[in-house]
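The residues making up each chain are set out below.
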Amino acid sequence: MSWDQLPFEIYVNIFRNLNFWDRKPLSLVCRRWNEAVFSRSLCRSLCIELSRGDWCTGGADSAGGEGEKVRVVDDAIVEASQRDYRVVYVKWCKDSHPSVLISIDRLLRELQEKCQLEGMIIDAPLGPQLVNFFRSNGELLARVRKLQVSTECTDSRLRLDRCWLRMDQLETLFWREIVPNDQLEGQRPLFLLEAPNLTSAIVRFGDSDSDHGIMWHSSFLELDQSCRLNSLKLHLHSRMWERFFEQQLGSLQELTLFHKTANLESRDWNGLFSNMPNLKLIQLWEVNDTMLEAIHRCCSNLRVLLLENINLTGRFLATDRVFLNLEQLRLESGKIRSSSTLCLPLLQQLDWFNVKNQDGQTLAIFAPNLRTLGQAKYGAPDFSLLSHNVPPIALEKLQLDLYASDIPDHLQARPFPLLRELNVRVSSARPELARVMPNFRNVTEFTLIAYNAPLQCDALLNQMFEHCEHVTALTLCGFNPNLELSFPVFGQIFRNRNLKSLKMFGLTVTGHSLPVSLPPELQQFDLRYVKVMDVAFGAYVFPPDGPFPVVCNKTDDFCCYFSKDCD
């Protein structure tokens with residue numbers, strides 16, 4: 001049997017082993033292959049774009065000689081297409097002629113009869129046309145499972161009647177609002193969405209996930225009853241969604257809130273979090289003691305807590321606290337004031353970046369199951385890890401950012417026999433890293449990155465060669481200026497027969513150069529911006545043959561080595 005006689009199902013099963021972009025060219029072979037490539041089982045997200053905007057000049061309604069016109073796909077394309085589309089994209093602008101919406105509605109009815117549409121993407125300005133679109137396509141909206149809306153408001157005097165949307169099949173919602181001014185402070189939302197099967201929703205202002213540069217308003221959209229909601233992420237204005245958060249949200253497990261800084265005290269946080277007893281992940285932007293107290297009291301099932309821009313200088317950390325089930329904690333940017341103990345018996349990952357403990361105090365953290373630690377240190381110890389006579393902390397991965405010369409005490413006082421990944425980033429400092437290398441004897445991946453620090457790393461690498469015999473991946477990187485090391489140490493790197501990955505960027509090597517050979521087990525090799533400062537420069541060339549072709553470019557004062565495969 002020849003290829004063109006195989007059953008349709010065989011084509012589908014064969015093409016299933018390729019991703020969409022790999023199998024898309026196969027659709028040009030013949031009609032049967034085209035039908036198989038774009039079959040429903042292989043293209044559940046296949047999207048048809050009914051309308052698109054084109055920038056043109058000299059438009060009658062355009063400001064400054066430029067404007068946006070929207071063109072709708074030809075009706076014949078939709079009528080002739082045999083593809084089973086799942087998602088439809090529609091767009092119009094504030095100056096679009098009414099005929100654009102008429103054509104879009106007509107094509108949607110055609111697609112609704114031919115295809116089992118499951119998703120819709122809408123890019124349109126806020127106004128009567130958007131409201132009318134939702135109302136006229138209620139039957140289609142009632143069956144879509146995914147809705148993505150990007151809307152923009154340019155008229156602060158806009159007054160519209162409320163639009164109620166019933167979407168029984170909706171599972172995923174993405175809603176973005178762009179408001180260039182802060183004059184829209186409506187007392188109630190324009191769109192009220194009732195989606196009993198909604199599981200995931202994202203509602204945000206602008207193009208950012210933070211409140212930087214966003215003109216806050218009370219939102220054009222509000223969810224009504226959504227009893228199955230599992231994940232919610234939104235920018236929360238003080239007058240936004242009060243009625244929604246008053247209901248019991250027992251299914252909600254993931255909550256991300258970017259809150260307006262000036263309105264932290266305007267909401268009943270105890271009432272809000274008491275309605276979400278099963279939260280497992282909370283991510284908050286702008287956090288104070290009141291909010292964290294409510295989380296600690298109401299969310300006993302919490303597993304992940306990600307906090308940014310914190311101010312915990314009041315009562316919450318003034319006493320010892322316990323999060324029994326917390327497995328991941330991230331504190332980034334802000335300040336605390338505490339010399340108490342934070343007990344985290346199940347914690348496995350801790351990230352502590354740019355958080356200062358006031359008045360020189362030190363927070364004690366008890367986390368016997370900690371596996372991954374990321375810490376930035378500016379000088380005074382902001383926190384310390386406690387062991388309380390239990391086995392040593394079983395760290396497996398450590399990321400350390402140093403902005404001062406000293407190293408955290410909890411990394412000096414004990415060995416870490418299970419540590420496998422060590423990542424050190426240094427900025428404007430000369431820390432004595434060499435003296436703590438004996439604590440990391442079993443490291444297999446070591447990364448050193450230096451910013452604005454003329455770091456001489458001979459002593460550090462010598463200690464690594466002496467105490468860390470299992471290193472298989474080594475990365476050295478220097479920026480403004482380069483990392484500095486002598487040629488004997490540079491050559492010692494290549495004598496590690498266990499190396500499988502070697503990356504070196506921004507190095508200055510001094511001394512008398514000698515030929516070196518690549519380790520036999522090396523699988524990945526990147527060497528860029530490496531300068532060998534040798535007055536009596538001689539033959540210093542990597543073997544030109546082998547799996548890693550390396551060339552040497554010689555200038556008047558240094559040689560630069562780089563891999564052709566990487567550049």
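Predicted, not measured: the structure shown is a model, and the values here were computed from it. (Residues numbered from 1 in each chain as written. Predicted model: local features only at pLDDT ≥ 70, side-chain atom pairs only at ≥ 80, totals over all residues. Heavy atoms only, no water.)

Overview of the confidence of the model for the protein
Right, on to step 1. When the pLDDT values of the protein are averaged, the result is 81; 84% of them are 70 or greater.
Right, on to step 2. The secondary-structure element of the protein with the lowest mean pLDDT is strand 30 (residues 550-554), recorded at 38, while strand 16 (residues 321-322) shows the highest, at 96.
Right, on to step 3. Below pLDDT 50 for its whole length, residues 57-65 participates in 7 contacts with residues either more than four positions away or in separate chains.
Right, on to step 4. Under a pLDDT of 50 for its full length, residues 537-567 has, in the predicted model, 71 contacts with residues more than four places off or in other chains. (pLDDT = per-residue confidence, 0-100. Helix = DSSP H or I, 4+ residues; strand = E, 2+ residues; numbered from the N terminus. Contact = heavy atoms within 4.5 Å.)

Things to note about helix 5 (residues 98-114)
An α-helix turns once per 3.6 residues; consequently, residues spaced three or four apart project the same way.
Right, on to step 1. End to end, helix 5 covers 25 Å across 17 residues, agreeing with the expected 24 Å (1.5 Å per residue, within 8%).
Right, on to step 2. Restricting attention to buried positions, one finds in helix 5 the residues Val100, Leu101, Ser103, Ile104, Asp105, Leu107, Leu108, Leu111 and Gln112. (Expected span 1.5 Å × (residues − 1). Buried < 20%, exposed > 50% of the residue type's maximum accessible area, 1.4 Å probe, protein only.)

A look at the pairing of strand 7 (residues 163-166)
Right, on to step 1. The two faces of strand 7 differ: Cys163 and Leu165 on one face are buried, but Trp164 and Arg166 on the other face are not.
Right, on to step 2. Where strand 7 meets strand 9 (residues 191-194), 4 bridges bridge the pair, whose relative direction is parallel. Across the sheet, Trp164 pairs through a bridge with Leu192, a residue of strand 9. (Pairing = 2+ DSSP bridges.)

A few points about the side chain of Glu286
Right, on to step 1. Looking at the element boundaries, Glu286 is found in strand 14 (residues 281-288).
Right, on to step 2. Nearest to the buried, unbridged Glu286 among oppositely charged side chains is Lys335, at 10 Å.
Right, on to step 3. A polar side-chain atom of Glu286 sits 3.1 Å from a polar atom in the side chain of Asn309. (Lys, Arg positive; Asp, Glu negative; His and termini not counted. Salt bridge = Lys/Arg side-chain N within 4 Å of Asp/Glu carboxyl O. Polar contact = N/O pair within 3.5 Å; in protein donor to acceptor, adjacent residues only side chain to side chain.)

Topic: the nonpolar core
Right, on to step 1. Ile122, Phe134, Phe191, Phe273 and Leu448 are the most contacted members of the largest nonpolar core, which has 159 residues in total.
Right, on to step 2. Per element, the largest residue contribution to this core is 6 residues, and it comes from helix 5.
Right, on to step 3. For Phe134, the residues in contact, after removing those within four places along its chain, are Ile122, Leu141, Val149, Cys163, Leu165, Trp175 and Phe191. (Core = buried A, V, L, I, M, F, W, Y, C linked by side-chain atoms within 4.5 Å.)

Some remarks on the sheet that holds strand 9
Right, on to step 1. Read from one edge of the open sheet, 3 strands run 7-9-11, paired in parallel fashion. One side of each edge strand has no neighbouring strand; the edge strands of this open sheet are strand 7 and strand 11 (221-223). Averaged over all adjacent pairs, the angle separating strand axes in this sheet is 20 degrees, with direction ignored.
Right, on to step 2. Its contacts with the sheet put helix 6 (residues 128-136) on strand 7 and strand 9, and the angle it makes with strand 7 is roughly 35 degrees. (Axes fitted to C-alpha atoms, helices over the stretch in contact; angles between N-to-C directions.)

Focus: the sheet that holds strand 18 (residues 341-343)
Right, on to step 1. Pairing within the open sheet is parallel, and its 4 strands lie in the order 16-18-20-22. For this open sheet the edge positions go to strand 16 and strand 22 (383-386), each flanked by a neighbour on one side alone.
Right, on to step 2. One ladder, built from 2 bridges, connects strand 16 with strand 18; its direction is parallel. Residue pairing across strands places Arg321 opposite Leu342, the latter belonging to strand 18.

So, helix 6
Right, on to step 1. Buried residues of helix 6: Leu130, Val131, Phe133 and Phe134, and no others. Down the axis of helix 6, the smallest arc covering the buried residues is 160 degrees, so these residues share one side. (Arc of directions from axis to C-beta.)

Brief notes about the packing of helix 5 against helix 6
In helix packing, the relevant descriptors are the interaxial angle and the interaxial distance, both defined with respect to the helix axes.
Right, on to step 1. Taken N-terminus to C-terminus, the directions of helix 5 and helix 6 make an angle of 20 degrees; their axes are 12 Å apart at the nearest point. Relative to helix 6, helix 5 is oriented roughly parallel. Helix 5 and helix 6 meet at a crossing whose hand is right-handed. Contacts between helix 5 and helix 6 involve Leu101, Ile104, Asp105 and Leu108 from the first element and Gln129, Phe133 and Ser136 from the second.
Right, on to step 2. Taken together, the residues that form the contact of helix 5 with helix 6 break down as 4 nonpolar, 2 polar and 1 charged. (Parallel < 35°, antiparallel > 145°, perpendicular 65-115°, else oblique. Left-handed = near helix turned anticlockwise from the far one by under 90°. Nonpolar A, V, L, I, M, F, W, Y, C, P; charged D, E, K, R; others polar.)

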